[in-house]
Amino acid sequence: QVFKCMKAYMMDRNDIRQSLQVIVNVTNEVKNGRNYLIFPEGTRNRNESELDLLPFHEGSFKIATKAGCPIVPIAIHNSAGIFEAQFPKMRPAKVIVEYGEPIYPDKLDKEEKKHIGAYTQNVILEMLKEMNQ
């Protein structure tokens, strides 16, 4: 029920048909002006360094390319300080959320557009590196 009121979609990695339907549904909603926050790693990253990103799932970027909308990269610094660093408790922590310049898929060259997930991941990684200095 919570996901329904938030208008959130979950993708079942074991059900390709369900995943494709989610992409179609969200693409249509984006075309109609709705915004979505997508976590392209597909799960919580439990790596020790926040610079060690998990591979981005390219399928999650099909929504932006099909809808013709920009991708706004977001870098989150120290989110592990809230939960993972205190497990099993949650504690307050200073978390920095930085929004990058929008990426317009239709302005990327053919190879960048083909691997838009990796392209976006590199943009976010550079943002995180700057935050860690």
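Computed from a predicted structure; not experimentally measured.

Participant: What exactly am I supposed to notice about the overall build of the protein chain here?
Facilitator: Scanning the protein chain for helices and strands turns up 5 helices and 2 strands. Seen along its three principal axes, the alpha-carbon backbone of the protein chain occupies a region of about 40 × 40 × 25 Å. Each of the 133 residues in the protein chain was classed as buried or not, and the buried ones make up 26%. In the protein chain, the share of contacts with a sequence separation of at least 24, taken over all contacts with a separation of at least 6, comes to 57%. Side-chain charges in the protein chain split into 18 positive and 17 negative, and the spacing between the mean points of these groups amounts to 8 Å.

Participant: Could you clarify how one ought to interpret the environment of Ile 63 in this entry?
Facilitator: Position of Ile 63 among the secondary structure elements: in helix H3 (residues 62-67). Since its relative accessible area comes to 9%, Ile 63 is described here as buried. For Ile 63 and Asn 35, which are 28 residues apart along the polypeptide, the C-alpha to C-alpha distance reads 11 Å. Excluding its chain neighbours within four sequence positions, the residues that come into contact with Ile 63 are Ile 23, Val 26, Thr 27, Val 30 and Ile 38.

Participant: Would you explain unusual backbone geometry in this entry?
Facilitator: Of note in the backbone geometry, Asn 78 takes a positive phi value of approximately 75° without being a glycine. Along the chain, the position of Asn 78 falls in the loop between strand S1 (74-77) and strand S2 (96-99). For Asn 78, a relative accessible area of 30% translates into the label partly exposed.

Participant: Would you explain a nonpolar patch on the surface in this entry?
Facilitator: Judged by side-chain polarity, Leu 37, Phe 39, Val 72, Ile 76, Val 97 and Tyr 99 come together as a nonpolar surface patch covering roughly 620 Å² of accessible area. Relative to the assigned elements, Leu 37 resides in the loop between helix H2 (16-31) and H3. In this structure Leu 37 comes out as exposed when scored by relative accessible area, which is 56%.

Participant: Can you help me understand H2 in this one?
Facilitator: One turn of an α-helix holds 3.6 residues; hence residues three or four places apart share an orientation. In a regular helix each residue adds 1.5 Å, so 16 residues correspond to 22 Å; H2 covers 22 Å between its end C-alpha atoms and thus fits that length. Every buried residue of H2 is listed here: Ser 19, Val 22, Ile 23, Val 26, Thr 27, Glu 29 and Val 30. Considered in projection along H2, the buried side chains sweep an arc of 165° and stay on one side of the axis. Of the exposed residues in H2, those oriented more than 90 degrees away from the buried face are Arg 17 and Lys 31. In the core, the buried residues of H2 are packed alongside H3. Backbone nitrogen of Arg 17 and a side-chain oxygen of the N-cap are separated by 3.3 Å at the start of H2; the cap is Asp 15. Trailing H2 by a residue or two, Gly 33 shows a phi angle of about 100°, which is positive.

Thresholds applied
- Residues numbered from 1 in each chain as written.
- Predicted model: local features only at pLDDT ≥ 70, side-chain atom pairs only at ≥ 80, totals over all residues.
- Heavy atoms only, no water.
- Helix = DSSP H or I, 4+ residues; strand = E, 2+ residues; numbered from the N terminus.
- Buried < 20%, exposed > 50% of the residue type's maximum accessible area, 1.4 Å probe, protein only.
- Contact = heavy atoms within 4.5 Å.
- Lys, Arg positive; Asp, Glu negative; His and termini not counted.
- Charge placed at Lys NZ, Arg CZ, Asp CG, Glu CD.
- Patch = residues over 30% accessible without salt bridge, like charges linked within 9 Å, V, L, I, M, F, W, Y side chains within 5 Å.
- Areas by Shrake-Rupley, 256 points an atom, 1.4 Å probe, with all protein chains shown as cover.
- Salt bridge = Lys/Arg side-chain N within 4 Å of Asp/Glu carboxyl O.
- Expected span 1.5 Å × (residues − 1).
- Arc of directions from axis to C-beta.
- Polar contact = N/O pair within 3.5 Å; in protein donor to acceptor, adjacent residues only side chain to side chain.

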